[in-house]
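Here are the chains, one letter per residue:
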Amino acid sequence: MFAVSSPAIRRRDGVVRFARPGAEWLSTGWNGGRRRADCAYNVSVPEGWARTDLGAYADERLERAGFEDPGPVLFTGVDADHARGARCGPVTACATAGVSNPAVLPMVPAGGTLPGAEPSSDSPAGTVNVLVYADRRLADGALANLVAVAAEAKAATLLAETGFPGTTTDAVVAGHDPDGEPAAFSGSATPIGAATRACVREAVRASLRARYGDGDDRPESLADAPYGVSTDARAQVFEPALEDPDGGRER
């Protein structure tokens with residue numbers, strides 16, 4: 001029988017360390033992808049932050065905080081004091097949540113153009129970052145799907161709490177134990193998926209409460225937010241072409 005081993009989560013000097021020796025992580029953030037590391041990090045950046053040498057900056061911040069172990073790093077404009085964690089079964093999550101830069105997705109878009117190739121130089125004070133760890137050995141597809149499950153739970157929670165599904169700079173890091181009890185799937189109907197949804201919901205809600213208190217300074221709409229975007233561009237809908245059994249396209 002495999003015992004559940006929860007990550008140790010600590011914060012120091014604006015850095016949240018999510019530590020689990022021997023873990024494998026999949027990050028959607030800067031310098032993301034898969035990697036084996038004992039820790040993952042969420043680093044708070046100051047207002048007006050404009051550094052572009054992200055690797056050097058990450059190293060500086062981890063060294064200043066006294067965290068020596070390398071690992072995937074997320075950046076956030078939310079103070080690390082507002083980070084909150086949650087545990088459920090074999091899953092642990094930690095989140096920082098700020099919505100000063102909401103990303104709105106209207107279901108009846110007015111029509112518009114796509115954003116430019118280069119991101120805005122503004123330094124938003126928001127970002128909803130989620131770090132989640134499952135104390136199981138997830139199949140490759142299950143680890144990738146854990147990112148989707150966490151992002152979906154984050155969006156559902158934000159919609160209920162703020163009316164926004166996310167911000168312009170959200171990111172997820174999902175981790176697992178490569179030597180743990182195997183789990184082939186992580187969908188919402190599985191123990192891993194259900195626990196992840198519960199943990200992300202509670203962590204994001206708690207971080208929002210820590211950041212905004214009674215909500216008086218939380219934007220109620222895109223117009224109220226200092227930053228943010230609305231995806232007003234329309235995409236062209238099409239039906240996939242039907243092919244006959246011999247491989248030719250039917251008319």
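Quick caveat, the model's predicted, so the values are computed rather than measured.

Broken down by element type, the protein chain carries 3 helices and 14 strands. Relative to the globule expectation of 18 Å for 251 residues, the C-alpha radius of gyration of the protein chain, 20 Å, shows essentially globular dimensions. Its C-alpha atoms give the protein chain principal-axis dimensions of about 65 × 50 × 35 Å. When each of the 251 residues of the protein chain is scored for burial, the buried share is 43%. Long-range contacts, defined here as pairs at least 24 residues apart, represent 77% of the contacts in the protein chain between residues at least 6 apart. As displayed, the protein chain has an accessible area near 13200 Å², and 50% of this comes from carbon and sulfur atoms.

Turning our eyes to something else, we now look at unusual backbone geometry. Non-glycine residue aspartate 13 carries a positive phi angle of around 50°. Among the structural elements, aspartate 13 can be located in the loop between strand E1 (8-12) and strand E2 (15-19).

Okay, helix H1 (residues 54-65) next. For H1, with 12 residues, the first-to-last C-alpha span of 16 Å sits near the 16 Å given by 1.5 Å per residue. The complete set of buried residues in H1 reads Leu54, Tyr57, Ala58, Arg61, Leu62 and Ala65. Angularly, the buried residues of H1 cover 130° about the axis, an arc narrow enough to put them on a single face. When the buried face of H1 is taken as reference, the exposed residues oriented beyond 90 degrees from it are Asp59, Glu63 and Arg64.

Once that is clear, we can look at the side chain of threonine 167. Mapped onto the secondary structure, threonine 167 falls in the loop between helix H2 (140-162) and strand E12 (171-176). A relative accessible area of 8% means that threonine 167 is categorised as buried. Looking at threonine 167, its side chain comes within polar contact range of the side chain of aspartate 170, at 2.5 Å. With residues near it in sequence (within four places) discarded, threonine 167 still touches Gly98, Val99, Asn101, Pro102, Ala103, Thr127 and Val128.

With that out of the way, let us pick up the pairing of strand E7 (residues 84-88). Within a regular strand, side chains alternate between the sheet's two faces. When E7 meets strand E8 (residues 91-98), the two strands line up antiparallel, connected through 5 bridges. Of the residues in E8, the one forming a bridge with arginine 87 is threonine 92. Linkage of E7 to E8, two consecutive antiparallel strands, is achieved through a turn of 2 residues, within which glycine 89 is found at a positive phi near 55°.

Looking at the secondary structure, you find alanine 150 in helix H2. For the pair alanine 150 and valine 132, spaced 18 residues apart in the sequence, the C-alpha separation amounts to 7.6 Å. In contact with alanine 150, not counting residues within four places along its chain, are Val130, Val132, Val172, Thr196 and Val200.

This brings us to the nonpolar core. Residues Val130, Leu138 and Val204 are the most contacted members of the largest nonpolar core, which totals 31 residues. Taken together, the elements giving at least two residues each to this core come down to E8, strand E10 (127-134), H2, E12 and helix H3 (191-212). If you tally residues by element for this core, the top one is H3, at 8 residues. With residues near it in sequence (within four places) discarded, valine 130 still touches Leu74, Cys94, Ala95, Ala150, Lys154, Ala171, Val172, Val173, Val200 and Val204.

Okay, the sheet that holds strand E5 (residues 39-44) next. Taken together, the 4 strands give an open sheet; going across it, the order is E1-E2-E5-E6, and neighbouring strands pair in mixed fashion. Because the sheet does not close on itself, it has two edges, and the strands there are E1 and strand E6 (73-76). The sheet shows a mean angle of 15° between the axes of neighbouring strands, direction not considered. Alignment of E1 against E2, held across 5 bridges, turns out to be antiparallel. Within E2, the position partnered with arginine 11 by the bridge is valine 16.

On to the pattern of salt bridges. A side chain of one charge can pair with a side chain of the opposite charge when the charged atoms of the two come close. The full count for this structure, using the stated rule, is 13 salt bridges. With a closest N to O distance of 3.3 Å, arginine 34 and glutamate 24 form a salt bridge. Separated by 10 residues along the polypeptide, arginine 34 in strand E4 (residues 33-36) and glutamate 24 in strand E3 (residues 24-27) bring together distant segments of the chain. For arginine 34, a relative accessible area of 36% translates into the label partly exposed. One salt bridge in this structure joins aspartate 170 and lysine 154, with 2.9 Å as the shortest N-O distance. You can see aspartate 170 sitting in the loop between H2 and E12 and its partner lysine 154 sitting in helix H2, a full 16 residues away along the chain.

The rules we used
- Residues numbered from 1 in each chain as written.
- Predicted model: local features only at pLDDT ≥ 70, side-chain atom pairs only at ≥ 80, totals over all residues.
- Heavy atoms only, no water.
- Helix = DSSP H or I, 4+ residues; strand = E, 2+ residues; numbered from the N terminus.
- Rg over C-alpha atoms; globule rule 2.2 N^0.38 Å.
- Buried < 20%, exposed > 50% of the residue type's maximum accessible area, 1.4 Å probe, protein only.
- Contact = heavy atoms within 4.5 Å.
- Areas by Shrake-Rupley, 256 points an atom, 1.4 Å probe, with all protein chains shown as cover.
- Expected span 1.5 Å × (residues − 1).
- Arc of directions from axis to C-beta.
- Polar contact = N/O pair within 3.5 Å; in protein donor to acceptor, adjacent residues only side chain to side chain.
- Pairing = 2+ DSSP bridges.
- Core = buried A, V, L, I, M, F, W, Y, C linked by side-chain atoms within 4.5 Å.
- Axes fitted to C-alpha atoms, helices over the stretch in contact; angles between N-to-C directions.
- Salt bridge = Lys/Arg side-chain N within 4 Å of Asp/Glu carboxyl O.

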